[in-house]
Amino acid sequence: MTQITCNVSHSHRIRILSGGYIWGLLTNPDMKEKAESHPFDQLAKPAQRALANAGIKTLEQLADLSETEFMALHGIGKNALQTLKTALTDRNLSFAQGERK
């Protein structure tokens, strides 16, 4: 995943990931806390890599997969499944029924 850091001012900077998604606004470069968190941030690194390798950048894209297809991705486990099921539900989304053809 490509990451670009843009300095907006001396005290603000924005991290932009490939695909143009703003991942968070840092009010202090030394702070680890992000102003806004993406649900994928809550996942373990192997699960984040699995989603990136599958080209999934949004919850809407994730909702195109069935739960079975999602679990078949290398690096995805039951913790990632539970975290993302909750995130999907919070946005009135769900995994697709059945498998894509």
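Structural data are supplied above this passage.
Cut-offs applied
- Positions within a chain are numbered from 1, following the residues in the order the chain's sequence is written.
- Since the coordinates come from a predicted model, pLDDT governs what is reported: local features require at least 70, and pairs of side-chain atoms require 80 or more to be given and counted, while whole-chain, interface and lining totals use all residues.
- With hydrogens and water excluded, all non-hydrogen atoms of the structure serve as input to the side-chain values.
- Here a strand is any run of E in DSSP of at least two residues, a helix any run of H or I of at least four, and the numbering for each starts at the N terminus.
- Buried, partly exposed and exposed residues are distinguished by accessible area as a fraction of the type maximum, computed with a 1.4 Å probe on protein chains only: under 20%, between the cut-offs, and over 50%, respectively.
- Basic side-chain nitrogens of Lys or Arg form a salt bridge, by our definition, when they fall within 4 Å of a carboxyl oxygen of Asp or Glu.
- The directions considered for the arc run from the helix axis to the C-beta atoms.

Draft legend 1. Seen up close, unusual backbone geometry. Here Asn 92, not a glycine, exhibits a phi torsion of approximately 55°, which is positive. Examined against the element boundaries, Asn 92 turns out to sit in the segment after α4 (78-90). Using a relative accessible area of 73% as the deciding quantity, one classes Asn 92 as exposed.

Draft legend 2. Representation of the pattern of salt bridges in the model. Taken as a whole and judged by the stated rule, the model has one salt bridge. Between Glu 67 and Lys 85 there is a salt bridge, with its nearest N and O atoms 3.3 Å apart. One end of the pair, Glu 67, is in helix α3 (residues 67-71); the other, Lys 85, is in helix α4, with 18 residues separating them in the sequence. Judged by its relative accessible area of 31%, Glu 67 is partly exposed.

Draft legend 3. Region of interest: helix α1 (residues 45-53). Of the positions making up α1, those classed as buried are Ala 47, Gln 48, Ala 50 and Leu 51. Taken down its axis, α1 places every buried residue within 160° of arc, on the same side. Across from the buried face of α1, at angles greater than 90 degrees, the exposed residues are Lys 45 and Asn 53.

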